[in-house]
Amino acid sequence: MIFLLSACSASGPRYSELPKEPLNGRAEIIVYRLSQIAASGGCYRVEIDDSRIGILANGGYLRQIVEPGKHKVSIVLREDLDLEIETKPNETNYIQYNIGLAGMSAFPLGTLSVVNMDWNVSLVDTPKDHGLKTVRNLRQSLKTHTCMSE
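Attention here is on the structure that accompanies the text. This is a predicted model, so every value here is computed, not measured.

The rules behind each value
Residues numbered from 1 in each chain as written. Predicted model: local features only at pLDDT ≥ 70, side-chain atom pairs only at ≥ 80, totals over all residues. Heavy atoms only, no water. Pairing = 2+ DSSP bridges. Helix = DSSP H or I, 4+ residues; strand = E, 2+ residues; numbered from the N terminus. Axes fitted to C-alpha atoms, helices over the stretch in contact; angles between N-to-C directions. Patch = residues over 30% accessible without salt bridge, like charges linked within 9 Å, V, L, I, M, F, W, Y side chains within 5 Å. Areas by Shrake-Rupley, 256 points an atom, 1.4 Å probe, with all protein chains shown as cover. Salt bridge = Lys/Arg side-chain N within 4 Å of Asp/Glu carboxyl O. Lys, Arg positive; Asp, Glu negative; His and termini not counted. Charge placed at Lys NZ, Arg CZ, Asp CG, Glu CD. Polar contact = N/O pair within 3.5 Å; in protein donor to acceptor, adjacent residues only side chain to side chain. Buried < 20%, exposed > 50% of the residue type's maximum accessible area, 1.4 Å probe, protein only. Contact = heavy atoms within 4.5 Å.

1. With respect to the sheet that holds strand E2 (residues 44-48)
1) Next: Taken in spatial order, the four strands line up as E3-E2-E5-E6 in an open sheet, and their pairing is antiparallel. Whereas interior strands pair on both sides, the edge strands pair on one side only; in this sheet they are strand E3 (51-56) and strand E6 (81-87). On average, adjacent strands in this sheet sit at an angle of 25° to one another, irrespective of strand direction.

2. Some thoughts on a negative patch on the surface
1) Next: Taken together, Asp49, Glu79, Asp80, Asp82 and Glu84 make up a surface patch of like negative charges.
2) Next: Its place among the elements puts glutamate 79 in the loop between strand E5 (69-76) and E6.

3. Structural notes on the side chain of glutamate 28
1) Next: Here glutamate 28 lies in strand E1 (residues 27-32).
2) Next: In this structure the side chain of glutamate 28 is engaged in a polar contact, spanning 2.5 Å, whose partner is the side chain of threonine 92.

4. Regarding the environment of valine 46
1) Next: Assignment of secondary structure puts valine 46 in strand E2.
2) Next: Classification of valine 46 as buried rests on a relative accessible area of 0%.
3) Next: A sequence separation of 15 residues divides valine 46 from valine 31, and the C-alpha atoms of the two residues are 8.1 Å apart.
4) Next: Each residue touching valine 46, except ones within four places of it in the same chain, is listed here: Val31, Ser51, Arg52, Ile53, Gly54, Leu56, Leu62, Ser74 and Ile75.

Given below as structure tokens:
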């Protein structure tokens, strides 16, 4: 089971290992997800301004260079989770995707049980110093990824 869940984790280079390319007046958006047990088998499609930038895996990040201005960051779920942000030239915005178990109930049906789980999900524009500190050891998610819930 642990092997299967680790296969759903981000496997690219660590953020701190990648060379920092100059933005030359553009802006950078980093969307990241901490490594956690809750929903660890799921990967989520990320879009910026309705264009797919990749699949966010457990413990991973995605990076996108954009023109300064207003942008919509989305996690594609049954009902999309959107966050509107405004980027500035030569700056990085760190967007954290949070997912946690809100509640769970089980209903016995003979020898089987039906389990219902409710999740809390959010996208948060984090302060730059916190975002950089948090993302430093996360691994890059791939543009395509095979996970249980993608």
